[in-house]
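Listed below, chain by chain, are the residues.
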Amino acid sequence: MSEPRYGIWSPVGGNFGPLNTPDEPINASYERTRSLVLEAERLGYVTTLVAQHLANPRSLELDQLETWTACAALAEATESIEIIAAIKPLLFHPAVLAKMALGIDAISRGRFAINLISAWFCPEMERTNIPFPPHDERYRYSGEWLEVVRALWSGERVNFEGEYFNIKDLSLRPLSVAQPYPRIYLGGASDPAQILAAQQADVYFINGQPIEDVRKVIQQVSNRPRSLPQPVRFGLSAFVIARPTDEEAQAELERLMALQKLEEQYKLSVAKGVDPEAVMFQLFAKNPGVGGNGGTAAGLVGSYATVATRVAAFVDAGIDTFMLQFNPFLTEMTRFAEEVMPRVRHLQKVAPLLTQPFG
């Protein structure tokens with residue numbers, strides 16, 4: 001097993017799991033995100049994902065950090081951590097986005113990446129009157145959008161004529177510091193998402209779910225046609241609860257679930273805005289838990305040894321990158337770095353093929 005890459009979800013919407021608790025008051029400010037990302041870098045996390053919404057899906061009255069301006073600032077503030085900006089292609093023309101990305105790539109000295117998502121939150125499109133095509137068409141649009149971005153990142157003079165975009169005699173300078181171009185992550189749980197990831201993504205993000213389901217997804221995507229020479233890699237989203245004992249971790253899970261239930265109005269607000277064809281929310285309903293994007297459904301809840309063993313099992317299954325959520329964020333992010341990361345390294349040294357069933 002190769003050593004996994006650990007990253008954090010930047011808290012652009014406030015918090016993960018319960019939104020507002022005595023331990024973690026809601027705070028979606030850039031100052032907080034900057035502080036957490038700098039500390040994550042110091043602790044050994046190698047990447048961070050900055051999600052994108054025009055408005056907070058839980059409530060229009062809540063703050064929401066803007067992704068691309070924040071990523072530019074983080075690129076200047078940090079030294080080694082990879083900065084991934086989520087991008088909804090419907091919001092940016094690909095030529096404009098490609099140029100913006102090259103700018104942040106230069107600021108970060110090659111540490112910038114994008115995470116393409118084809119949008120699921122209807123209200124932000126409806127309220128701005130931005131066209132919101134049906135689910136599968138959004139992926140066709142995203143595929144062509146990504147072709148244009150990748151072509152412009154190549155440094156060549158681009159002439160492109162497609163269904164959605166027409167680029168004439170355009171090249172961008174300066175060239176990308178990251179070679180051959182900034183890394184491309186892609187999220188989404190539907191067949192069109194998997195097809196697009198297999199064709200054009202460097203890393204496919206899987207929402208948190210049990211390891212048996214993750215193995216199936218990895219196999220499905222790996223078996224699809226690929227247009228790039230290197231194989232697609234896989235990332236996993238997860239909310240972590242690690243404690244000295246399994247019993248303590250379970251008690252904390254129950255506490256957070258109870259607090260989360262008190263904020264049912266936020267869950268209902270998100271549900272009202274979801275595109276009914278978005279497959280990932282069907283998975284969330286199947287595997288309820290704490291946190292976003294599958295959260296604790298990934299099973300990283302337990303003693304330090306239990307969580308480390310499960311991380312190692314995911315790595316053995318093919319997961320390369322873990323994008324993690326915590327609450328309270330700083331305390332639990334530090335705990336994971338100090339207690340779980342070393343245990344995973346130890347497991348990989350003494351038993352590189354170790355797997356353990358979840359349950």
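These notes cover the structure that comes with them. (Residues numbered from 1 in each chain as written. Predicted model: local features only at pLDDT ≥ 70, side-chain atom pairs only at ≥ 80, totals over all residues. Heavy atoms only, no water.)

A word on the overall build of the protein. In terms of regular secondary structure, the protein is built from 12 helices and 12 strands. The C-alpha atoms of the protein give 20 Å as radius of gyration, which agrees with the globular expectation for 359 residues (21 Å, within 12%). Projected onto the principal axes, the alpha-carbon positions of the protein cover approximately 60 × 45 × 40 Å. The buried share of the protein, taken over its 359 residues, is 57%. Once local pairs closer than 6 in sequence are excluded, the contacts in the protein between residues at least 24 apart make up 77%. Of the roughly 15,100 Å² that the protein leaves accessible, carbon and sulfur atoms contribute 53%. Of the charged side chains in the protein, 33 are positive and 41 negative, and the gap between their average positions amounts to 3 Å. (Helix = DSSP H or I, 4+ residues; strand = E, 2+ residues; numbered from the N terminus. Rg over C-alpha atoms; globule rule 2.2 N^0.38 Å. Buried < 20%, exposed > 50% of the residue type's maximum accessible area, 1.4 Å probe, protein only. Contact = heavy atoms within 4.5 Å. Areas by Shrake-Rupley, 256 points an atom, 1.4 Å probe, with all protein chains shown as cover. Lys, Arg positive; Asp, Glu negative; His and termini not counted. Charge placed at Lys NZ, Arg CZ, Asp CG, Glu CD.)

Around the barrel, which closes on itself, the eight strands sit in the order S1-S2-S3-S4-S7-S8-S9-S12 with parallel pairing between neighbours. When the angles between neighbouring strand axes are averaged without regard to direction, this sheet yields 25 degrees. As judged from the four bridges shared by strand S2 (residues 47-50) and strand S3 (residues 82-87), these two strands associate in the parallel manner. Looking across to S3, one finds that Leu49 is bridged to Ile84. Against the sheet, helix H5 (residues 135-153) touches S3, strand S4 (112-116) and strand S7 (183-186), its axis set at about 165 degrees to S4. (Pairing = 2+ DSSP bridges. Axes fitted to C-alpha atoms, helices over the stretch in contact; angles between N-to-C directions.)

With that settled, consider the pairing of S3. By the criterion of burial, S3 is predominantly enclosed, with six of the six residues buried. Burial along S3 is two-sided: Glu82, Ile84 and Ala86 facing one way and Ile83, Ala85 and Ile87 facing the other are all buried. Handedness of the crossover is the feature at issue here: the chain leaves S2, passes through helix H2 (residues 67-77), returns alongside S3, and the resulting connection is right-handed. Inspection of the sheet shows S3 paired to S4 by five bridges, in the parallel sense. Within S4, the residue paired with Ala85 across the bridge is Ile114. You can see the chain leave S3, run along helix H3 (residues 94-108) and come back into S4, and the turn it takes is right-handed. (Right-handed = clockwise from strand over helix to strand, strands pointing away.)

Where a protein is soluble and globular, its nonpolar side chains tend to be buried together. Counting residues in each nonpolar core, the largest one holds 106 residues, and the members touching the most others are Tyr45, Trp145, Leu324 and Phe336. Tallying contributions element by element places helix H11 (residues 304-317) first for this core, with nine residues. Setting aside chain neighbours within four positions, we find Phe336 in contact with Tyr6, Tyr45, Val240, Val307, Leu324, Phe326 and Met341. (Core = buried A, V, L, I, M, F, W, Y, C linked by side-chain atoms within 4.5 Å.)

Residues of strand S8 (residues 203-206) alternate between two faces, with Val203 and Phe205 on one and Tyr204 and Ile206 on the opposite face, all of them buried. Taken together, the two bridges between S7 and S8 define a ladder with parallel strand orientation. If you follow Leu186 over to S8, its bridge partner there is Tyr204. Where the polypeptide runs from S7 across helix H6 (residues 191-200) and back to S8, its parallel neighbour, the crossover connection is right-handed. Bridging between S8 and strand S9 (residues 233-239) involves four bridges; their strand directions are parallel. Bridging across to S9, Phe205 finds its partner in Gly235. Regarding the hand of the β-α-β motif, the stretch spanning S8, helix H7 (residues 211-222) and S9 is right-handed.

This part covers unusual backbone geometry. At the junction of Gln179 and Pro180, the peptide bond is cis and its omega measures out at 5 degrees in the coordinates. Here Pro180 shows up in the loop between strand S6 (166-170) and S7. A positive phi angle, near 60 degrees, is found at Arg109, a position not held by glycine. The residue Arg109 is located in the loop between H3 and S4 in this model. In this structure, Asn129 takes a positive phi of about 60 degrees despite not being glycine. Within the secondary structure layout, Asn129 lies in the loop between helix H4 (122-126) and H5. Taking the relative accessible area as the measure of exposure, Asn129 reaches 68% and is therefore exposed.

Along the chain, Asp202 turns up in the loop between H6 and S8. Although buried, Asp202 forms no salt bridge, and the nearest oppositely charged side chain, Arg226, lies 4.8 Å from it. Within polar-contact distance, the side chain of Asp202 engages the side chain of Tyr181 at 3.4 Å. Setting aside anything within four residues of it in sequence, one finds Asp202 in contact with Tyr181, Pro182, Arg183, Ile184, Arg226, Leu228, Gln230, Pro231, Val232 and Arg233. (Salt bridge = Lys/Arg side-chain N within 4 Å of Asp/Glu carboxyl O. Polar contact = N/O pair within 3.5 Å; in protein donor to acceptor, adjacent residues only side chain to side chain.)

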